[in-house]
Every structure is written in structure tokens, then in C-alpha cells.
Protein chains: 2
Amino acid sequence: MINLDNNADSPLYMQIYEQIKQEIINGVLPEGSRLPSTRHLSQTLAVGRNTVENAYLQLSSEGYVTSRVGSGFIVQNLNGLTYLTNEDKCNKPIKSSRPESKPSIVYPHNFQFGLLSAQNFPLNIWRKISSRALSSLTAEDLTTYCDKKGELELRYNLSEYLLKSRGVSCSANQIILCAGLEYALSLLCQLLRNKTTQIALEEPGYIGARNIFTNNGFQLLPVHIENDGLKISELENASAKVVYVTPSHQFPNGIVTSIQKRLLLLDWAKRNDGLIIEDDYDSELRYNSRPIPSIISIAGNENVVYIGTFSKALSPSLRVSYMVLPQKLLDLYHKEFGMYQTPVSLLEQRVIQELISSGYWENHLRKTCVAYKKKHDLLIHLISETMGRIVKIHGKNAGLHILLESSQGLTEREMIERAKEHGVLVHPVSTFWLNPENYSNNMVLLGFGNLSETDIVEGIKKLAQAWKA
Amino acid sequence: MINLDNNADSPLYMQIYEQIKQEIINGVLPEGSRLPSTRHLSQTLAVGRNTVENAYLQLSSEGYVTSRVGSGFIVQNLNGLTYLTNEDKCNKPIKSSRPESKPSIVYPHNFQFGLLSAQNFPLNIWRKISSRALSSLTAEDLTTYCDKKGELELRYNLSEYLLKSRGVSCSANQIILCAGLEYALSLLCQLLRNKTTQIALEEPGYIGARNIFTNNGFQLLPVHIENDGLKISELENASAKVVYVTPSHQFPNGIVTSIQKRLLLLDWAKRNDGLIIEDDYDSELRYNSRPIPSIISIAGNENVVYIGTFSKALSPSLRVSYMVLPQKLLDLYHKEFGMYQTPVSLLEQRVIQELISSGYWENHLRKTCVAYKKKHDLLIHLISETMGRIVKIHGKNAGLHILLESSQGLTEREMIERAKEHGVLVHPVSTFWLNPENYSNNMVLLGFGNLSETDIVEGIKKLAQAWKA
DNA sequence: GGGTATTTGTCCGTATGTATG
DNA sequence: TCATACATACGGACAAATACC
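Residues numbered from 1 in each chain as written. Chains lettered and ligands numbered in written order. Predicted model: local features only at pLDDT ≥ 70, side-chain atom pairs only at ≥ 80, totals over all residues. Heavy atoms only, no water.

K.L.:
Where do I start with the overall build of chain A in this structure?
P.N.:
Regarding its fold elements, chain A presents 17 helices and 16 strands. With the C-alpha coordinates of chain A rotated into their principal frame, the extents come out at 85 × 60 × 45 Å. Here chain A, with 469 residues, has 56% of them falling under the buried criterion. Taking the contacts inside chain A whose residues are at least 6 apart along the sequence as the reference set, 72% of them involve residues at least 24 apart. When the accessible area of chain A is evaluated, it comes to approximately 19,200 Å², of which 49% is carbon and sulfur surface. Side chains of chain A give 48 positive and 47 negative charges; the mean places of these two sets differ by 5 Å. (Helix = DSSP H or I, 4+ residues; strand = E, 2+ residues; numbered from the N terminus. Buried < 20%, exposed > 50% of the residue type's maximum accessible area, 1.4 Å probe, protein only. Contact = heavy atoms within 4.5 Å. Areas by Shrake-Rupley, 256 points an atom, 1.4 Å probe, with all protein chains shown as cover. Lys, Arg positive; Asp, Glu negative; His and termini not counted. Charge placed at Lys NZ, Arg CZ, Asp CG, Glu CD.)

Put into C-alpha cells, the structure is as follows:
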């Protein structure tokens, strides 16, 4: 940026000349780059055109730049011309160097969690719909703020989809579009601040959610998990008014909260004027079990916030999720947060809307489900066949990962290290515990969303070698 | 959603039959719609296909649906067939009605703030770049999480742009991509929570920012404005450690904070271990004045957070903004917020990146600036010509709006009401005061971004009539 | 791929303040 | 005091080069 001072001793054109010269010497303006045209620079600096021209001519006569009619002033090669003075060096701005790709060690087999399979992504359909959405956007659409909670049509389609597939009966009005779980939960924290700053959550549970609550100044109250969901007795004893749960597939155990537990949970909420945050992140990916009604579908318009996302079943880089608010919170939202603009770009909104209303979405879900089920079953089959003696499988119901517990007394760390030595990356489970000291510490997590079937076969083969007694 | 219970008295196929019947009667499945295929439904319900077929045959034999090989089961016309029982009515889900467009009163001339001109949006270029970005995205890109702070290339390009145009010397590493101002400020609130929960801000000032701070539990400390920026003496007396300012065009007055004030502000921050949040929302739109170096460019890597956006100069519905963090906050961010995913979709990131790196962005800025300057000058000219006696113009330096003060002693309310009677919408200024009782209450705000030149001519003509003595 | 609109450096005249004689 | 020269700053006209259909 060029900075001019009318009251300085040196004339304007000299100030311009000096500062551009510095930038050339410093490399901010590299060889071959074009100076801004005299007209443009004169406009941004609010000076006459000839003032800029004068500065440029000076630069030109000293050989820093050359000019050509129609194409501008070009910075020249400075071989032999530059000899940085000390003063010059001090003035040199820190130009951030061009970033390089990180040289992280690549393991041949990485059972990473959270990634999806590129093979299953409906690239062509997505491109088609996106490009249709692209041409549907007019200049008017793009120069005005769209509906603050997200486009009405999209929220209406979402409400229809939720009713059909998850039994959630809500109006479009209750739906708020969000940019990922972080956004949704942060917003919720802001909404709840005056009610409480304590939150009960599953132990173990999703560390991402835990971070968000902590960062928003909430106190965490861990509640243990049993084989059909949250230990309600612990919840009763905790002083929380809000609880965050992942009932469709408890993270990381994959436990499906039973319908009885769901009713008990709801009962707790009704009795205590409590709020259940139902994160249904994974619900679309069911392989064996029947769908259990979502908690919000039993509760009606009270006591439950429902959160869904497109990150798991479609694409994590779209950054679209949504929240269904109960009436009380919705009123509060309208009152205090009515001015918040949606964080989702209009283009993405149109794409998602078209995906749902055209039926591609449900179609895609079915296909994806089948594909992941195949991988899931293969994984389970291979493990029980080659490692049935040395590990126990947990979380068979989870969507895109499973847990393995060592039957040989290996610790988490040992399992991970041994796997690494064989070129396989498996991941810790202890991080999901708020108080890891209560944890047996002998499990690892294997995500399989991103692996091909041959990858799975190879990976498991190596794991079996790594862990064999 | 269909909900099955193995322990129930009725067999599975009956449960399916009953529930689909209900959905048909309730209208959730309207006439003409297709039932899911037996294969699909059996898969999602985890029952055998014959079970579903049995249920469908029952429905078919009772006339609710008809079937055709190859095309599925279609819901029939229910004339004379439906007689809702009381029980049925109770079970009827609240189906959200299709939303209609809001029937708000449309004023012929709306000087609304925050909107841009559709004529100035580079629709073709944007479409071209978007569709290019679309085809650049691979299935791999879309099935993995991208860089958490935003793609590195984009942040690098942003850092280069900031250096050139605003003198901000920062590394790509310091930049965090955000989805609008709300997201950026909310994140900042979370970052600052353990340092302070008090924030000083301009009085009057941008109400949007104020709301966000309040919603995040921050206490607001208003600091008055004088003709070259914040009253530093008031700031000194306030107990705040953090201050939010809009120095390039103070909102709503359009006051440009002088370089002296900027240095004083920075001095305050250095002495008090304070933090300046510099919201540069409008800086690209300068019409007459010379650019003044941004505060962060004077401060270096300490005491200042810089916030920029693409909402004002490009499009508010793209939802892309960014933050430059000083080293201390950056370290904290990496530690506590490292897991947060960026809220901006990969597609939008690619579009913005291409826009900047191809040079279209700076090109567009120049054009936009010229176009808005034309409108701005026209507006000022018309007002001083037709209403020079009855109003005083403030905020000539603001980007997309001006303020008018009544010289006849009209109150804000009177000015707005009289304008409405002539079909013109102008907007209150009092809302931007935290304590409106200290405010003279005789100004209105006119946004002109969205108006054509003929709109402006007509609107001002009517305003002159409305307010004439 | 060829014609047109826009962008660009270049050249021109003009105005103002200041130093010189 | 006046005339002159010079440095600085500003805006318009023109032809070459480039960008856009």
C-alpha cells in the first residue's frame, strides 16, 4: 500500500516514486509484475494522473521499470542494480512466503475417522445440480441478503425430508441452517447462556462437541454410557439442565440408544425443564438395526433441539448442517439472534435444496448405505476371522468406524505403536474420555469410510501381524 | 418414518400397513405419490421384502394404492374413502404448510442499507469462475475435510492482497476464514473469554456487532465518537481491555479515523495490553479520500485483530469473511480451536481464490468503486440542490449510505413517517446508539447501494416534497 | 477467429505557488 | 513591484495494445 502525506517535505510524485522503488527492491513487486496503471493508481490515491505518471517516468528512467503502450509498466530484472542499504533492509516488509504442502509422514494404511469414500461421492450428479444452481442465481439474488435462517424453500424441503425419514414433525420456521456442528453448537451456547452454563454429555463422547462447549465457557458434566445409552441415574444426580447426546450412534461406541432410554431421557427433560441436544449426525448410516424414532419426534415441540448434517453422508467440505429448535428457543432466537445472517452461501443452499427436492438425496443415501455396509461387513468379517482371538469388536452399530479392544492386555498406546511399525495408522479412543483415568485404555478406533475394500483387506492383514501374540 | 416394534402384539407387516395407511390418510403421502419400493423399504426397515410386500398388498386390496410392474405403488384418490377418526386426528402430524413469500408492504423507493447493486455484480465472470472451480473439485476434495482455517492457497492469496492494498503484512498462517462478521466476532468472543468479558465500542456504532457481543455474554462499554474517531480519553477511563472499531468508515457516521487517532489507539493498546478489533468492512469503497494505513499495518503482529469481508464489495450471499490474528491469539486459537472446521464450503473458497489470484477481484473493486462513487455524488448533489436548506448531510465518507440531519427540527420519527407517506423508506439512526437518550434524534439513514440512478433521482424528489416546510 | 470496446502509455495544454532577477 | 522560469499537480485527446464477444 502506498501512503501519501500532503504535509511532507517531498512532493507527492516523489513519495510515490520512493515507495514503489522500495517495493521493487524488497521483492514485494517481483520482476515481471505490472505496476497499477496510472489511471487506477491515481484514482486510489486520489491524485492527478500526471502525478503518478511523473513517478513512473522517474522509475522508468532509472531502469526499475519499462513501459509499453497498451500493456503498462513492467518491473525489470534488477541484476546489478540492487544493493540493499541497511535502511532498505529495515523497511522491508515481512512478505509471507508461499506455503508448501505439509511433509507429514504418509502411512500406507490409514484407518482415519471422519473421511468418506471418494468412490461413493455422486460427483456427476453433484456437478450437474451445482451448475444448474449456479445458473439459477441472478444478480439480484447475489446482491441482497437472503433469508436469515436459510432459504425458506430449502427449510421447507428439509422439514418434509425430516418428517419422512426421521419422523421429525417440525415447521420450516423451526429450522436454522448452520455451517457444520461447530456453528450449530456455538449458536446454541449463546442461546442457552442465560439459562445455564452447565452441560451434561456422554462419557466417552465426541471430543469436538466437548471443545465447543468448553470454549463457550460451559462447564462439562460427564455422564457414563451403558449398553443402551446414557446412565439416566447419573444424569438425574448431575445438576445439568442441558444434555448433549448422540442417540442414533453414540460416539465412539456406536451404541444405539434404546427407545426406552429415549423415553426416560425425555421424561427427565420434562420433569426438570431440561433440554436435550440430539445430535443425529450419523443416523442415515444404519446397516442392520431398525430405525428408532428420533427423540424430537417423540417430544413434539418442546425440550429437544435436533441437529443434522450433510457432512457425513454427502460431503464434509460442503459445510451444511441444520438445527430444529423447540418453540421456546425459537422465540428467543428470533428475539436475540434475528439479525444473524445465515453462514451458508446461497449457492450451497440451492444445491442442497435441489438435491432433496429432486429425490437424488434419498437415492444417494440408499446407495451410500449399501456401499458402506459392504465395507463394514467385510471389515467385521476379516477381523473376526484373522484376529478373533486377539481383539474384541465394539461399535458394530457405528456408521463409519469400529472399535477394537485388545484381548491380550495390550494398551492403546502399544496397539497404535505396533500398528505404525507395520505401516498402519489406527487411532486412540482415550481422547474421547473427559476423565481418561476411569478408562480401561485398551481400545483403538478404525475408521473405514475412506478405504477401498482392498485397502481394508491389506490393512487388516497387517494389523493381524502387528498384534499377533 | 415407519416405526416397528418386535414385541408388539401385531405382526410386522400389519404395523407397516397401519402406519402407511395413516400417512396416506393424513396427507403426508399425497395422492399420486409413490411408496418406496419394496426392496428399499425392506432394507431401511431391516425386514424381509415379503413383509413389506404383504403390507403393500393389504393397502392395495383396500384401494389405498395401486401397483404397476416397473413403476411401483402409487397412492390413489381417497374420495369417499377417508373418514378421519378422532384417534386419527390426534395422531396427525403437524405437516408444515408450504411457505409463501412474505407479503410485506413494498415501498416504491427504499433507501435500504446493506444491499448492493445488481447491475454492478460481475455475474458472467462470477459464473465462469464458479463453474471452473466446480470442475476443479474432485471426489477426493469433497470427501475429505479441507484445511481447517481455510485452504492454504486462498489464505496466501489473501495475505498478498492485504499487503498490496491495505499494507497489512501478515502470513497466511495468521488468516482464518470465516462465514460473515457474526462468525468472526463469535469466534473472537470465544477466544477472549478467559481474558475479559468487557468490550468497548463506538457510540453510535454498528448494532450487528453489538448484538453478537451481548449474545456472547460480553458487557458493552460505549465510547463516544468525535470528528476524527473515537474519544480516546473516554476509552482511557473505561475499564475495557478490548475495543471494537470501524476506522476506515465509522458506522454509521462514515467518519474516517485519522492517522493520529490510529496511533493514539495503538498506543492505548500497547500500554494496557489491550486488543483492537479493526473491522475494515468497508475499506474498499473509498470515493475521494486517500487511503489511510490500517491500524494492523502500523501495529505489526500485536494488539490488533483485523477483519475483512467480501459481503460489501462483492456479494453478501457468498458468506465469506476473514480474520487476521496477532501471534498471541493465533497460538491460543491453535491450542483451543484447532479442531474447528472452516465454515466456508470448499467451492466458495476456490471461487474466491481464483477471483483474487486472477486479478479479477482488484479489477472488480475499481469498477464497483467508480459506479458507487457516481451514485454517491449524484445523491449528494441532488440533496444539496433540492434540500440544501432543510437537511444537513453527514457521513459523506461512508461507503454505501449517508446520513441526513433535519435543519427544521424534525425528529427522526417524523422524518421517517413523512417519507413513508410519500412512498419512500428511510431508516432510523437511533438504533445505532446504545443509549439513545444522549442522542439528538434528528437524523435518518439513506442506503443507496441497491438503487439505480433514476431511482435516486425520483426518491430524492419525493423526499424533498415530504420534508418541505 | 475476427471485429469491437476497453484499457493503457503518451503527449498536450493549463493552473498554481515559489524562487529569481 | 513586476516579469520570468521552474516545479508540481491536474485533466483531456490520441493511438497502440489488449480483452471480450
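K.L.:
Please clarify how the interface of chain B and chain A should be interpreted in this entry.
P.N.:
Frequently, the measure chosen for interface size is the accessible area removed from exposure when the parts meet. The interface of chain B with chain A comprises 100 residues on the first partner and 100 residues on the second. When the buried surface of chain B facing chain A is broken down by residue, Met-1, Asn-215 and Arg-290 of chain B rank first, second and third, together holding 10% of it. Our enumeration of links across chain B and chain A arrives at 0 salt bridges. If one sorts the elements of the side of chain B that touches chain A by residue count, helix H7 (residues 152-166) of chain B sits on top with 9 residues. The residue inventory of the side of chain B that touches chain A, partitioned by class, reads 45 nonpolar, 35 polar and 20 charged. (Buried area = accessible area lost by both parts, 1.4 Å probe. Salt bridge = Lys/Arg side-chain N within 4 Å of Asp/Glu carboxyl O. Nonpolar A, V, L, I, M, F, W, Y, C, P; charged D, E, K, R; others polar.)

K.L.:
Got a minute to help me understand the packing of aromatic side chains in this structure?
P.N.:
Aromatic rings considered in pairs are described by the distance between their centres and by the relative angle of their planes. For the structure on display, the rule yields 29 aromatic pairs over all chains. Plain terms: the ring middles of Tyr-206 of chain A and Phe-251 of chain A are 5.3 Å apart, the flat faces sit at 75° to each other, and that makes the pair edge-to-face. Residue Tyr-206 of chain A is located in the loop between strand E5 (198-203) and helix H9 (207-215), and its partner Phe-251 of chain A is located in the loop between strand E8 (242-245) and helix H11 (259-272); the two are separated by 45 residues in the primary sequence. Of the residues examined, Tyr-206 of chain A reaches a relative accessible area of 28% and is grouped as partly exposed. Look at Tyr-161 of chain B and Trp-361 of chain B: their rings are 6.3 Å apart centre to centre, the planes differ by 70°, and that puts the pair in the edge-to-face class. Of this pair, Tyr-161 of chain B sits in helix H7 while Trp-361 of chain B sits in helix H15 (residues 360-387), and the two are 200 residues apart along the sequence. In this structure an aromatic cluster arises from ring pairing among Phe-113, Tyr-206, Phe-251, Tyr-281 and Phe-432 of chain A. (Phe/Tyr/Trp six-rings, centres within 6.5 Å; stacked < 30°, edge-to-face > 60°.)

K.L.:
Just checking my understanding: could you explain the protein's contact with DNA strand C for this structure?
P.N.:
Residue and element names in this part refer to chain A. As a matter of local geometry, DNA strand C sits amid 14 residues, with Arg-39, His-40, Asn-50, Ser-67 and Gly-72 nearest to it. Counting only the atoms of DNA strand C that lie within 4 Å of the protein, the sugar and phosphate share comes to 59%. In this structure, a phosphate oxygen belonging to DNA strand C sits 3.4 Å away from a side-chain N or O atom of Arg-34. At 3.4 Å, a backbone N or O of Phe-73 approaches a phosphate oxygen of DNA strand C. Those elements that place two or more of their residues in the surface near DNA strand C are helix H2 (38-45), helix H3 (49-61), strand E1 (65-68) and strand E2 (72-75). Taken together, the residues that form the surface near DNA strand C break down as 2 nonpolar, 7 polar and 5 charged. (Near = heavy atom within 4 Å. Polar contact = N/O pair within 3.5 Å; in protein donor to acceptor, adjacent residues only side chain to side chain.)

K.L.:
Explain the nonpolar core here, please?
P.N.:
Across soluble globular proteins, nonpolar side chains show a tendency to be buried alongside one another. Judged by nonpolar contacts, the single largest core of 112 residues is most densely connected at Ile-276 of chain A together with Ile-276 of chain B. Setting aside residues up to four positions removed in sequence, Ile-276 of chain A forms contacts with Val-243, Val-245, Leu-265, Leu-266, Trp-268, Ala-269, Ile-295, Asn-303, Val-304 and Val-305 of chain A. Core analysis: the second largest hydrophobic core is formed by 64 residues, Ile-176 and Tyr-340 of chain A together with Phe-213 and Val-305 of chain B among them. (Core = buried A, V, L, I, M, F, W, Y, C linked by side-chain atoms within 4.5 Å.)

K.L.:
Which parts of the structure should I look at to understand the relation of the copies chain B and chain A?
P.N.:
Two chain copies here: they are related by a rotation about an axis and a translation along the same axis. Note on the copies: chain B fits chain A at an RMSD of 0.2 Å, the axial shift is 0.1 Å, and the rotation between them is 180°. Such a turn and shift between the copies fits a two-fold axis. Most of the interface of chain B is mirrored in chain A, where 99% of its interface residues are also at the interface. (Least-squares fit on C-alpha atoms with pLDDT ≥ 70 in both.)

K.L.:
Help me understand the confidence of the model for chain A in this model?
P.N.:
Close inspection of predicted coordinates is inappropriate in any region flagged by low pLDDT. Averaged over every residue, the pLDDT of chain A is 87; the share at 70 or more is 93%. A low-confidence stretch, residues 81-93 of chain A stays under pLDDT 50, and its non-local contacts, those more than four residues away or across chains, total 15 contacts. (pLDDT = per-residue confidence, 0-100.)

K.L.:
What am I meant to see in the state of the cysteines here?
P.N.:
A covalent bond bridging the sulfur atoms of two cysteines is what the word disulfide describes. Residues and elements named next belong to chain B. Inspection of the entire model under this criterion finds 0 disulfides over all chains. Free cysteine: Cys-178, not disulfide-bonded; nearest cysteine sulfur from Cys-189 at 12 Å. The class of Cys-178 is buried, set by a relative accessible area of 0%. (Disulfide = S-S within 2.5 Å.)

K.L.:
Sorry if this is basic, but what is going on with the packing of helix H5 (residues 123-136) of chain A against helix H5 (residues 123-136) of chain B here?
P.N.:
Each pair of packed helices can be described by the angle between their axes along with the distance between the axes. It is at 10 Å that the axes of H5 of chain A and H5 of chain B come closest, and there the two elements cross at 170°. If you check the angle between H5 of chain A and H5 of chain B, you find them roughly antiparallel. Judged by residue contacts, Trp-126, Arg-127, Ser-130, Ser-131, Leu-134 and Ser-135 of chain A of H5 of chain A engage Trp-126, Arg-127, Ser-130, Ser-131, Leu-134 and Ser-135 of chain B from H5 of chain B. (Axes fitted to C-alpha atoms, helices over the stretch in contact; angles between N-to-C directions. Parallel < 35°, antiparallel > 145°, perpendicular 65-115°, else oblique.)

K.L.:
I'm lost on the pattern of salt bridges in this one. Help?
P.N.:
Opposite charge on two side chains permits pairing when their charged atoms draw close. Residues and elements named next belong to chain A. Applying the stated criterion across every chain, the model contains 34 salt bridges over all chains. Put simply, Arg-271 and Asp-267 hold a salt bridge, and the shortest N to O gap is 3.0 Å. Remark: Asp-267 and Arg-271 occur in helix H11; sequence separation between them is 4 residues, near one turn of the helix. A salt bridge links Lys-373 to Asp-377, with the shortest nitrogen-to-oxygen separation between them at 3.1 Å. Within this pair, Lys-373 and its partner Asp-377 are both found in helix H15 (residues 360-387), separated by 4 residues, close to a single helical turn. Of the residues examined, Lys-373 reaches a relative accessible area of 28% and is grouped as partly exposed. Among the charged side chains, a salt-bridge network with shared partners connects Lys-195, Lys-241, Asp-273 and Lys-328.

K.L.:
Mind showing me how you'd approach the protein's contact with DNA strand D here?
P.N.:
All names here are of chain A. If you check the shell around DNA strand D, you find 13 residues, and the closest are Leu-12, Gly-48, Arg-49, Asn-50 and Thr-51. Within 4 Å of the protein, the contacting atoms of DNA strand D are drawn from sugar and phosphate to the extent of 68%. Here a phosphate oxygen of DNA strand D and a side-chain polar atom of Tyr-13 are 2.7 Å apart. Here Arg-49 contributes a side-chain N or O atom positioned 2.4 Å from a base oxygen of DNA strand D. Broken down by secondary-structure element, the contributors of at least two residues to the surface near DNA strand D are helix H1 (12-26) and H3.

K.L.:
I tried to follow H2 of chain A on my own but got confused; where do I start?
P.N.:
An α-helix turns once per 3.6 residues; consequently, residues spaced three or four apart project the same way. All names here are of chain A. Buried within H2 are the following residues: Thr-38, Leu-41, Ser-42 and Leu-45. Seen along its axis, H2 keeps its buried residues to an arc of 100°; they face one direction. Buried residues along H2 sit in contact with H1, H3 and E2. (Arc of directions from axis to C-beta.)

K.L.:
Please explain the environment of Pro-36 of chain B as it appears in this structure.
P.N.:
Residue and element names in this part refer to chain B. As for its position among the elements, Pro-36 is in the loop between helix H1 (12-26) and helix H2 (38-45). A residue is classified by how much of its surface remains accessible, and Pro-36, at 34% relative accessible area, is partly exposed. Remark: the alpha-carbon pair of Pro-36 and Gly-72, spanning 36 residues in sequence, is separated by 7.8 Å. The residues touching Pro-36, leaving out its near neighbours within four places in the chain, are Leu-41 and Tyr-56.

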